[in-house]
Amino acid sequence: MKKYLITVSALCLLSACAGFTPDYDITDASETSKPSWTLQSKAHKIDSSSEAKQNRYFVSDAQNVNQRLCLKSAETRATQKVASEIAQELMSRFEEINKSQDDTANSKMKETLEQNIQVNLHGVAVADKYWEKRAYKKEKGAEKDYTAYKCDVVVKIKKTALAEALNAYKEKTVKHLKGADKKAMTEAVDSYMTELNAAE
């Protein structure tokens, strides 16, 4: 019976999604069709395979009534995403190595880690931008009629620059950790850097 209910629920969800229509019309765009790189999993395809091996890519989006502010906001978010995702990867490794159960301490450490990585980041470059001008329509399900821009930006950073930022973090911050935390974070950073270097 449980399997039947799950199957019926899944089918209802799929049929609802299949009939999904956006609540806006695209009235203008920077390109004739939305580029594939706007999906994080395909962001690396913006460059040749040899170039892609040397970089990490991060995609973010934003929405604003002003096109320039929309693009700037998407760029800022994508740059912040670099530090955020790297910090998340390091914290996952740290927690795995340290077997830490203190969520409050780990959350604070992740926040500090993210800030320190962001301070030491350099070489983040915008690889491409895409924008759409959307006319949202109440008759299509929007809250009200209005026009806004939806922008996507992909940034890239050389893996060597990322390694330099992690080294700077390690030299300045890890030395202030104590005992098991210091050992676990050192191992987490070292393993991540080894993986970065191996991917080139």
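Up top you'll find the structure we're talking about.
How each quantity is defined
- Residues numbered from 1 in each chain as written.
- Predicted model: local features only at pLDDT ≥ 70, side-chain atom pairs only at ≥ 80, totals over all residues.
- Heavy atoms only, no water.
- Helix = DSSP H or I, 4+ residues; strand = E, 2+ residues; numbered from the N terminus.
- Buried < 20%, exposed > 50% of the residue type's maximum accessible area, 1.4 Å probe, protein only.
- Contact = heavy atoms within 4.5 Å.
- Areas by Shrake-Rupley, 256 points an atom, 1.4 Å probe, with all protein chains shown as cover.
- Disulfide = S-S within 2.5 Å.
- Expected span 1.5 Å × (residues − 1).
- Arc of directions from axis to C-beta.
- Polar contact = N/O pair within 3.5 Å; in protein donor to acceptor, adjacent residues only side chain to side chain.

Q: Any details on the overall build of the protein? Residues and values, ideally.
A: Tallying secondary structure elements over the protein gives six helices and four strands in all. Listing each helix as α and each strand as β along the protein from the N terminus yields α-β-α-β-α-α-β-β-α-α. Counting only residues that meet the buried cut, the protein has 34% of its 200 residues in that class. Contacts spanning at least 24 positions in sequence make up 72% of the contacts within the protein whose residues lie at least 6 apart. Accessible surface, the protein: about 12100 Å² in total, of which carbon and sulfur atoms supply 52%.

Q: Kindly report on the state of the cysteines, identifying the contributing residues and their values.
A: Scanning all chains against the criterion turns up one disulfide. Through a disulfide, cysteine 70 is tied to cysteine 151; the S-S separation comes to 2.2 Å. Across the S-S bond of cysteine 70 and cysteine 151 the torsion is about 130°, and the bridge reads as right-handed. Note that cysteine 70 is positioned in helix H3 (residues 67-98) and cysteine 151 in strand S4 (residues 146-158), a separation of 81 residues in sequence. The two residues cysteine 70 and cysteine 151 agree in class, both being buried.

Q: So what about the environment of leucine 162? Which residues, and what values?
A: Within the secondary structure, leucine 162 sits in helix H5 (residues 159-172). Taking the C-alpha atoms as reference points, leucine 162 and asparagine 55, 107 residues apart in sequence, are found 9.0 Å from one another. If we skip the residues at most four places from it in the chain, leucine 162 touches Arg56, Val82, Ile86, Leu121, Ile157, Tyr192 and Leu196.

Q: Would you mind going over helix H6 (residues 179-198) in detail, with residue names and values included?
A: Relative to the 28 Å expected for 20 residues at 1.5 Å per residue, H6 spans 29 Å between its end C-alpha atoms, a close match to the ideal helical length. Among all positions in H6, only Ala184, Met185, Ala188, Val189, Tyr192, Met193 and Leu196 are buried. Axial view of H6: buried residues confined to an arc of 165°, hence all on one face. Seen from the open side of H6, the exposed residues pointing more than 90 degrees away from its buried face are Gly179, Lys183, Thr194 and Ala198. Its buried side turned inward, H6 meets strand S2 (55-64), H3, helix H4 (103-120) and H5.

Q: Just give me the short version of H4, but keep the residues and values in it.
A: Across its 18 residues, H4 extends 25 Å between first and last C-alpha, which sits within 8% of the 26 Å expected from 1.5 Å per residue. Taken together, the buried positions of H4 are Asn106, Met109, Leu113, Ile117 and Asn120. For H4, the angular spread of buried residues about the axis comes to 70°, placing them on one side. In H4, the exposed positions that point more than 90 degrees away from the buried face belong to Thr104, Lys108, Glu111 and Val119. Elements in contact with the buried residues of H4: H3, H5 and H6.

Q: Could you give me a rundown of the side chain of asparagine 55, with the residues and numbers involved?
A: Its location among the elements puts asparagine 55 in strand S2. The exposure class of asparagine 55 is buried, given its relative accessible area of 5%. In terms of polar contacts, asparagine 55 uses its side chain to reach the backbone carbonyl oxygen of glutamate 51, at 2.9 Å.

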